[in-house]
Amino acid sequence: MSVLVVIPARYASERYPGKPLVPLRGASGRQATLVQRTWEAARGIDGVSRVVVATDDDQIREAAEGFGAEVVMTSSECRNGTERCAEASDALGGGFEMVVNLQGDAPLTPRWFIPETIEGLRAAPDAGAATPVIRCDAETLNGLKMDRQAGRVGGTTAIFDRDHRALYFSKEVIPYTADTEKAAAVFHHVGLYAYRPEALADYPRWDIGPLERTEGLEQLRFLENGRSMSCVEVETRGRQFWELNNPSDVTRLEEMMATMGME
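Overview of the structure. Please read all numbers here as calculations on a predicted model, not as lab measurements.

Here we come to the pattern of salt bridges. Using the criterion set out here, one finds 20 salt bridges in the structure. One salt bridge in this structure joins R84 and D56, with 3.9 Å as the shortest N-O distance. A residue pair is termed long-range when its members are at least 10 positions apart, and R84 in helix 3 (residues 81-91) and D56 in the loop between strand 4 (50-55) and helix 2 (58-66) qualify at 28 residues. Its relative accessible area of 26% is what places D56 among the partly exposed residues.

Okay, the side chain of S230 next. Looking at where S230 falls in the secondary structure, it is placed in strand 12 (residues 229-233). Not counting residues within four places of it along the chain, the set of residues in contact with S230 comprises G120, A124, A127, A129, A130, T131 and H164.

Among the nonpolar cores identified, the biggest contains 52 residues, and V53, V100 and I114 are the most heavily contacted of them. Core analysis: the next-biggest nonpolar cluster, separate from the first, contains 28 residues, L4, F160, L220 and F222 among them.

Once that is clear, we can look at the packing of aromatic side chains. Geometry of an aromatic ring pair is reported as the spacing of the ring centres plus the angle between the planes. In total, this model carries eight aromatic pairs according to the counting rule given. When the centroid spacing of 4.9 Å and the interplanar angle of 65 degrees are considered together, the rings of F160 and F187 count as edge-to-face. One end of the pair, F160, is in strand 8 (residues 156-160); the other, F187, is in strand 10 (residues 187-189), and 27 residues separate them in sequence. For the pair shown, F160 and F187 are each scored as buried. A ring pair is formed by Y203 and F222, whose centres lie 5.2 Å apart and whose planes are at 40 degrees; its orientation type is tilted. Placement of Y203 in the loop between helix 6 (197-202) and helix 7 (210-215) and of F222 in helix 8 (residues 220-224) is noted, with a sequence separation of 19 residues between them. A relative accessible area of 0% places Y203 in the buried class. A relative accessible area of 1% places F222 in the buried class. By the ring-pair criterion, three or more aromatic residues cluster together here, those being Y193, Y195, Y203, W206 and F222.

Conventions adopted
- Residues numbered from 1 in each chain as written.
- Predicted model: local features only at pLDDT ≥ 70, side-chain atom pairs only at ≥ 80, totals over all residues.
- Heavy atoms only, no water.
- Salt bridge = Lys/Arg side-chain N within 4 Å of Asp/Glu carboxyl O.
- Helix = DSSP H or I, 4+ residues; strand = E, 2+ residues; numbered from the N terminus.
- Buried < 20%, exposed > 50% of the residue type's maximum accessible area, 1.4 Å probe, protein only.
- Contact = heavy atoms within 4.5 Å.
- Core = buried A, V, L, I, M, F, W, Y, C linked by side-chain atoms within 4.5 Å.
- Phe/Tyr/Trp six-rings, centres within 6.5 Å; stacked < 30°, edge-to-face > 60°.

By themselves, these observations are geometric and do not establish any function.
Structure follows, in structure tokens:
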């Protein structure tokens, strides 16, 4: 059975227009766009049979084809990356065991996160989707809090039950803690999803609920429609991780890439 990885890439982002084409400089001085670095991170992962960039923008299509990616053109009516993944999977004829959404703003995503998330979904037969989470340390928790205090939309946090079924996701830091010594109670959500095809096919037909609309988090549509999503705890193994959410994150990501020796 095959696994499709889709990298949804939209130019007309309200918060950060043109984000997929923002260049990032690596430790060697090489510059590559956000979408290229995300595509490079997805290639060669065990258990993945196909990687595509899904977009509605010709600039992104030209850039992606220029570095060798397979591109699927999708509708400008897609309201988020999950809907774009559903459309891309359908355009490719379906037939995949699972579809993985590797969001294009997380080029530092370690390669092992994808197979571990896939295995997490396989181990949760009642879940329609799975997503990885990282247990926070004090430094990460401080980074999340500093973004919120500065009025920036930073990382997303997740809470889940003892069986790792998601209870809620938020752009606020949840659960509340004033003490960084309790950072391990906070989980940083990684922008990566594995879907069962039937759940992904249902998703675009559901209305946007009040929680998804308020938080601006696409995964809440599963929870608002009574579908289980499994949170898979993953380890960074010493790797630094952050998403590009705001222009100020470019410097942060480049510094992390330099520290880790990422070209």
